[in-house]
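Structural description and commentary
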Amino acid sequence: MNPYVLMALLSSLGLGTTLTFASSHWLLAWMGLEINTLAITPLMAQHHHPRAVEATTKYFLTQATAAAMILFASTTSAWMTGEWAINNLSGPIANTMFVAALALKIGLAPMHFWMPEVLQGLDLLTGLILSTWQKLAPLALIVQVAQTIDPLLLTTLGIMSTLVGGWGGLNQTQLRKILAYSSIAHMGWMMIVIQYAPHLTLLALGTYVIMTSAAFLTLKMLLATKVSTLATAWSKSPVVASAAALVMLSLGGLPPLTGFMPKWMILQELSKQDLPIIATVMALAALISLYFYLRLCYAMALTISPNTITSTTPWRAHTTQASLPLTIFTVAALALLPVTPAVLVLTI
């Protein structure tokens, strides 16, 4: 892709998200979401592969549907109340329609069906943008209106997403689909606590972005898109394979890695709010997700490729990919748990 075009598209992505962050008016927020969608569409279709075009079409139709629902909900709210302020939704109908639209935007269960299919058709870097940056603007809107939404609706979305994200990833062999289900499960953790402690939702989002970036960049470095290709990772680069296994365990939420921090604090908050059954369900759902992360670790660290090659192989050549972003995200994904007290002081 032409670098000038690429720069324009990436600038538009930044503009769309910033516009939604800064707006207190429904039409401006909607406009920011639309700029986001239109900016990422050419990035998704840039390889002209049939799967990429199919994924782009699915994504565009899904996002257009969600945008139309947001516009309809905001128009209904403005008609009832006479104003377009984001934090002033009119009633249960506009509220529910709005949450359903934003859940469709970020891929919360049961509106998650597009997410694995779309991510599977993209290359890893565009998939990284879709899994991280594209979640920010809709989540910012959900945080703003969370206090006016029925708690039962948010709890249902959270529990369903965590369970679907766990069950859906169990029998997958494609790494991008596994990361899509991982994304759905993490969104569920953010939704479950958004009404009681929005700062914990933002903390979970931050750690999710760090860990997912580390995972995608590692897979890009290893040129791996299937679980079976991870078996050769140890031969190519033992250090990257070791770090990748730990990143997967961090995504699963195992201590003493970074991924344990948000899960621990969310479960603590749910217990404080006198919701022990919901906390137990969430903890058990996290175990289901942990199983498929352990599968990936097993494929990387405990299996060797069946092909015994004695000659010098082309994949031993040095990669041209920049390793600094991968290093930064991997270190952050593995080593931030000790700063939990500082995070607590800053967020409360």
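Residues numbered from 1 in each chain as written. Predicted model: local features only at pLDDT ≥ 70, side-chain atom pairs only at ≥ 80, totals over all residues. Heavy atoms only, no water.

**Side note on a nonpolar patch on the surface**
A cluster of nonpolar residues, Met 1, Val 5, Leu 6 and Leu 10, forms a patch on the protein surface that exposes about 320 Å² of accessible area. Tracing the sequence through the fold places Met 1 in the segment before helix H1 (3–22). Exposure remark for Met 1: the relative accessible area of 46% places this residue in the partly exposed category. (Patch = residues over 30% accessible without salt bridge, like charges linked within 9 Å, V, L, I, M, F, W, Y side chains within 5 Å. Areas by Shrake-Rupley, 256 points an atom, 1.4 Å probe, with all protein chains shown as cover. Salt bridge = Lys/Arg side-chain N within 4 Å of Asp/Glu carboxyl O. Helix = DSSP H or I, 4+ residues; strand = E, 2+ residues; numbered from the N terminus. Buried < 20%, exposed > 50% of the residue type's maximum accessible area, 1.4 Å probe, protein only.)

**Quick look at the domain arrangement of the protein chain**
Here the protein chain is partitioned into domain 1 (1–149) and domain 2 (150–306 + 322–347). With 32 residues of domain 1 in contact, the opposing surface of domain 2 contributes 34 residues. With both chains or domains summed, domain 1 and domain 2 bury close to 2,900 Å², and 77% of this area falls on carbon and sulfur atoms. Three residues stand out in domain 1 for area buried against domain 2, namely Gln 120, Leu 124 and Ile 149, and they jointly supply 23% of the buried area on that side. Between domain 1 and domain 2 we count 1 salt bridge in total. The closest approach of N and O atoms between Glu 117 and Lys 177, which form a salt bridge, is 3.4 Å. Looking at the side of domain 1 that touches domain 2, the elements with two or more residues in it are helix H4 (92–106), helix H5 (114–120), helix H6 (124–131) and helix H7 (133–145). (Domains from an automatic or database assignment. Contact = heavy atoms within 4.5 Å. Buried area = accessible area lost by both parts, 1.4 Å probe.)

**Remarks on unusual backbone geometry**
Peptide bonds are, in most cases, trans, and in most cases residues other than glycine have a negative phi. Of the consecutive residues Ala 109 and Pro 110, the connecting peptide bond is found in the cis state with omega at 5 degrees. With respect to the helices and strands, Pro 110 occurs in the loop between H4 and H5. Residue Pro 256 is reached from Pro 255 by a cis peptide bond, and omega for that bond is 5 degrees. In this structure, His 48 is a non-glycine residue whose phi angle is positive, near 60 degrees. Among the structural elements, His 48 can be located in the loop between helix H2 (26–44) and helix H3 (50–81). Positive phi values are uncommon outside glycine, yet Leu 223 reaches one of about 55 degrees. Along the chain, the position of Leu 223 falls in the loop between helix H10 (198–222) and helix H11 (233–236).

**Some details on the UniProt feature "transmembrane region" (unreviewed entry) in the protein chain**
Mapped onto the present numbering, the UniProt feature "transmembrane region" (unreviewed entry) falls at residues 60–81, 93–115, 152–171, 178–197, 203–225, 237–255, 275–294 and 326–346. Across residues 60–81, the secondary structure splits into 100% helix and 0% strand, with the terminal C-alpha atoms separated by 31 Å. In the segment residues 237–255, helix accounts for 79% and strand for 0%; the C-alpha atoms at its two ends are 25 Å apart. (UniProt positions renumbered as here; feature names shortened; annotations may be inferred.)

**Considerations on the side chain of Thr 132**
In this structure, Thr 132 sits in the loop between H6 and H7. Residue classification places Thr 132 among the buried residues on the basis of a relative accessible area of 8%. Separated by 2.6 Å, the side chain of Thr 132 and the backbone oxygen of Leu 128 make a polar contact. Those residues in contact with Thr 132 that sit more than four places away from it in its chain are Val 209, Thr 212 and Ser 213. (Polar contact = N/O pair within 3.5 Å; in protein donor to acceptor, adjacent residues only side chain to side chain.)

**Section: the packing of H3 against H4**
Here H3 crosses H4 at 160 degrees, and the two axes come no closer than 8 Å. Judged by the inter-axis angle, H3 sits roughly antiparallel to H4. You can see that H3 and H4 cross each other, and the crossing is left-handed. Between H3 and H4, the contacting residues are Thr 62, Gln 63, Thr 65, Ala 66, Ala 67, Met 69, Ile 70, Phe 72, Ala 73 and Ser 77 on the first element and Ala 94, Met 97, Phe 98, Ala 100, Ala 101, Leu 102, Leu 104 and Lys 105 on the second. Partitioning the contact of H3 with H4 into residue classes produces 13 nonpolar, 4 polar and 1 charged. (Axes fitted to C-alpha atoms, helices over the stretch in contact; angles between N-to-C directions. Parallel < 35°, antiparallel > 145°, perpendicular 65-115°, else oblique. Left-handed = near helix turned anticlockwise from the far one by under 90°. Nonpolar A, V, L, I, M, F, W, Y, C, P; charged D, E, K, R; others polar.)

**So, the side chain of Thr 340**
In this fold, Thr 340 is placed in helix H16 (residues 340–347). If near-sequence neighbours (up to four positions away) are discounted, Thr 340 is found in contact with Met 261, Trp 264 and Met 265.

**Describing the environment of Asp 150**
Here Asp 150 shows up in the loop between H7 and helix H8 (151–169). A relative accessible area of 45% places Asp 150 in the partly exposed class. Once the C-alpha coordinates of Asp 150 and Val 99 are considered, the two residues, 51 residues apart in sequence, prove to be 10.0 Å apart.

**Notes on the nonpolar core**
Within the largest apolar cluster, 56 residues are counted, with the highest numbers of intra-cluster contacts made by Val 118, Leu 230 and Met 248. Among the domains, domain 1 (1–149) and domain 2 (150–306 + 322–347) are the pair contributing at least three residues each to this core. Sequence-distant contacts of Val 118, defined by excluding residues within four places in its chain, comprise Met 44, Ala 55, Lys 58, Tyr 59 and Leu 130. Judged by nonpolar contacts, the second largest core, of 49 residues, contains Trp 189, Ile 192, Ile 266 and Ala 279. (Core = buried A, V, L, I, M, F, W, Y, C linked by side-chain atoms within 4.5 Å.)

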